[in-house]
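Listed here are the chains, written in short residue letters.
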Amino acid sequence: MCGIIGYVGQKQVKSILINGLKRLEYRGYDSAGIAVLAQGEICTMKCVGKVAELAAKAQTHFPYASTIGIGHTRWATHGNVSEKNAHPHLSDGNYFAVVHNGIVENYLQIKAFLLEKRYHFYSDTDTEILANLIDYHYRKAMQCSFGEIVRKSLLHVEGTYGLAVLSSIFPDEIIVARKSSPLLIGLGYGENIIASDAAAVARYTQRVVYLNDEEIASIRSDNFLVTTLREGVVDTVCHNLDLEVRDADLAGYPYYMLKEIFEQPSSIENAMRGRFTEDNSSSKFGGLSLAPQELRSVKRLLFCACGTAYYACLAGKYLIEKYARIPVDVEYASEFRYRNAPFQSDTLVFVVSQSGETIDTLAALYEAKRKGYTVMGITNVVGSTIARTTDAGIYQHAGLEMGVASTKAFTSQLTILSMLALLFARQRDMDSFTGQQYACALKSLPAAINEVLQSSKQIRHIAEKYCNQKHFLFLGRQVMYPIALEGALKLKEIAYVHAEAFPTAEMKHGPIALISEQSLCIFVATQRELLEKTVNNIQEVKARGGKVVAIINDKKYIWEELCDEVIRIPEVHGGVNPIVSAIPLQFLAYYIGVTLGCDVDRPRNLAKSVTVE
Ligand code: M6R
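Residues numbered from 1 in each chain as written. Predicted model: local features only at pLDDT ≥ 70, side-chain atom pairs only at ≥ 80, totals over all residues. Heavy atoms only, no water.

Observations regarding the site of the ligand
And then number 1: Taken together, 14 residues lie near the ligand, and Ser353, Gln354, Ser355, Thr358 and Glu493 sit nearest.
And then number 2: In this structure, Thr308 approaches the ligand through a main-chain N or O atom, which is 3.1 Å from an oxygen atom.
And then number 3: Here an oxygen atom of the ligand sits 2.7 Å away from a polar atom, N or O, in the side chain of Ser355.
And then number 4: For the ligand, whose accessible area on its own is 410 Å², the fraction buried by protein is 90%. (Near = heavy atom within 4 Å. Polar contact = N/O pair within 3.5 Å; in protein donor to acceptor, adjacent residues only side chain to side chain. Areas by Shrake-Rupley, 256 points an atom, 1.4 Å probe, with all protein chains shown as cover.)

Topic: the domain arrangement of the protein chain
And then number 1: Along its sequence, the protein chain is carved into domain 1 (2–242), domain 2 (254–443) and domain 3 (452–601).
And then number 2: Using C-alpha coordinates to define each centre, domain 2 is positioned 26 Å away from domain 3.
And then number 3: At the junction of the two partners, domain 2 supplies 33 residues and domain 3 supplies 31 residues.
And then number 4: Applying the counting criterion to the domain 2 and domain 3 interface returns zero salt bridges.
And then number 5: Here domain 2 and domain 3 share nine residue pairs in polar contact (both at pLDDT 80 or more) between them.
And then number 6: The set of elements that each furnish at least two residues to the side of domain 2 that touches domain 3 consists of helix 6 (256–262), helix 7 (264–272), helix 9 (307–323), helix 13 (408–427) and helix 14 (432–443).
And then number 7: The element contributing the most residues to the side of domain 2 that touches domain 3 is helix 9, with nine residues.
And then number 8: Looking at the side of domain 2 that touches domain 3 residue by residue, the classes come out as 22 nonpolar, ten polar and one charged. (Domains from an automatic or database assignment. Contact = heavy atoms within 4.5 Å. Salt bridge = Lys/Arg side-chain N within 4 Å of Asp/Glu carboxyl O. Helix = DSSP H or I, 4+ residues; strand = E, 2+ residues; numbered from the N terminus. Nonpolar A, V, L, I, M, F, W, Y, C, P; charged D, E, K, R; others polar.)

Description of the sheet that holds strand 15 (residues 300–305)
And then number 1: Taken in spatial order, the five strands of this open sheet run 16-15-17-18-19, and their pairing is parallel. Both outer strands of the open sheet, strand 16 (328–332) and strand 19 (392–395), are each paired with one neighbouring strand and no more. Averaged over all pairs of adjacent strands, the angle between strand axes in this sheet comes to 20°, irrespective of strand direction.
And then number 2: Across five bridges, strand 17 (residues 347–353) lies against strand 18 (residues 375–379) in parallel orientation. Looking at strand 18, one finds that Val351 is bridged to Gly377.
And then number 3: In this fold helix 9 packs onto strand 15, strand 16 and strand 17, with an angle of close to 170° to the strand it touches most, strand 16.
And then number 4: Across the sheet, helix 11 (residues 359–370) touches strand 15, strand 17 and strand 18, and the angle it forms with strand 17 is around 165°. (Pairing = 2+ DSSP bridges. Axes fitted to C-alpha atoms, helices over the stretch in contact; angles between N-to-C directions.)

Here's the deal with the sheet that holds strand 13 (residues 224–228)
And then number 1: The six strands lie next to each other as 5-6-7-8-12-13, forming an open sheet whose pairing is antiparallel. What marks the edges here is a single partner per strand, and that holds for strand 5 (89–90) and strand 13.
And then number 2: Of the pairings in the sheet, the one linking strand 6 (residues 96–101) to strand 7 (residues 161–167) comprises six bridges and is antiparallel in character. Note on strand 7: the bridge partner recorded for Val99 is Ala164.
And then number 3: Contacts from helix 4 (residues 127–140) reach strand 5, strand 6 and strand 7 within the one sheet, and its direction differs from that of strand 6 by about 140°.

Some words on the pattern of salt bridges
And then number 1: Counted according to the given criterion, the structure contains 28 salt bridges.
And then number 2: Taking the shortest distance from any N to any O, the salt bridge between Glu263 and Lys408 comes out at 2.7 Å. With Glu263 in the loop between helix 6 and helix 7 and Lys408 in helix 13, this residue pair connects regions lying 145 residues apart in the sequence. No difference in accessibility class separates Glu263 from Lys408, as the two residues are buried.
And then number 3: Here Arg370 and Glu367 are joined by a salt bridge, their closest N and O atoms 3.0 Å apart. Placement of the pair is Arg370 and Glu367 together in helix 11, with a separation of three residues, close to one helical turn.
And then number 4: Here the residues in one salt-bridge network are Glu25, Lys50, Asp599 and Arg602, joined through shared partners. (Buried < 20%, exposed > 50% of the residue type's maximum accessible area, 1.4 Å probe, protein only.)

Listed below in structure tokens is the structure:
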């Protein structure tokens, strides 16, 4: 959460910082700010609200010419949303400016120490202590380099940080450091750019160096030096981003979320590309690095993830258990990290994360590794911390996902999990003909999804008609239960309405009490098995005055007589059915959000990547 940008080079920095912040806005958007060095002084501008507001203000009220500066877009942790709490934060005397992502856990002790030394504080943030702590260490050892001063300061800091520091005393240099919050250095010619996210640097360079935990770097226009907080110089590796700048553009869509829903035929195609065996009866993953014998000897799988990725794993559990007959556990990463769960030694652990930076998922990964497990990653962001920390892994190749509400990343995770089900199944009892049918269904997914995308207008009408219902209940059985959970999460996230999900038959055990004319039940009824039971459940809702929307692919029943609204989708193989069934729910959440006037790309209180606990 929180986006950080910094630039040192030959170009005017203001527009670089603001453009970078626009790319980073999905990491936090309650306030934003920039600091540049002009005529030997640090000049700052801050603004509550969106980066667009900062940009407008900067156009008229920020005349400073400068080629070095830092910027920040905030997701509040300590201190309310206000201009005084927005970053950058300055030290007393304005010699140092800091932007920070993370939490300084011992900030109260450090603040008490600095207050004793007569430092003043103007904000309620933990970050401000960093600026004054750096100033304190500067005054203590004035002969030290900028990097050394920041390094000495950080040795006293407990907690997490990705940070950038600008100083009027060291006018050619930005210092950045990282502990648990992502930071990368984009390498240019005669210029360097730092950011918390590749999206912000891609338009300037494709060559990046990722900072690791407890590393600190000095960045100048023509060189950079990375050292560790404790040991010395680090040999850095330069990575190629391979990120399309246009991925970060709206391409004519009103919102990223809608653009990304429509991108799913190609994002799913990309997730599958080159990942089928020659005889088309199984899948293969170059990154998995497990020999067939090793794959076969796996007795149990454990998936750890958060939010949408957790629901993808839950759906994966149904698929893997059904087709490959391997027991699967799915854990919230945020719980797993603190639980001393007993697991058997032949368990293979997967962590799943779109961003590859979610702090809880990362902590679960460390915990599993500490216990000696082999940990695989499924991530979308190339070069992310999780991608670099796992033993091996699979990239989703969904492309940049800018919408805070995950859509295409979710379906690409489902696609990979379905392909894993096929892979493990073929290592066990699935015959090659059945495997070919499965693979063929996967390959037909983009076409099936294109068909579902045609129903966007119909779903928009449904959304407009029912957006003012008081309760939204999403119901699904078996593998459609996690899809229902994801549908409810999407709606909560972007439309701020009460939405819950249950396994359909659980309704009678309590939630049915919520049913009235004010409730809308969305049944994901796309499995042939258990259809009769679902029809009974629909009638139970109707008998109590509830409204029903059914997502179906069956032609046997006259659904229009049973339900208030029917969304028909193509009938597909069970291994891909959850993927196709998820799309109408994405549209429903999107159109309800838009109809209710919500900013669906920047839902309140959320940020794309949760890098604080
Ligand atoms: O980047 P990750 O997949 O690790 O993120 C996990 C969750 O924070 C994320 O899925 C969140 O629930 C999204 N806002 C869902 O739309």
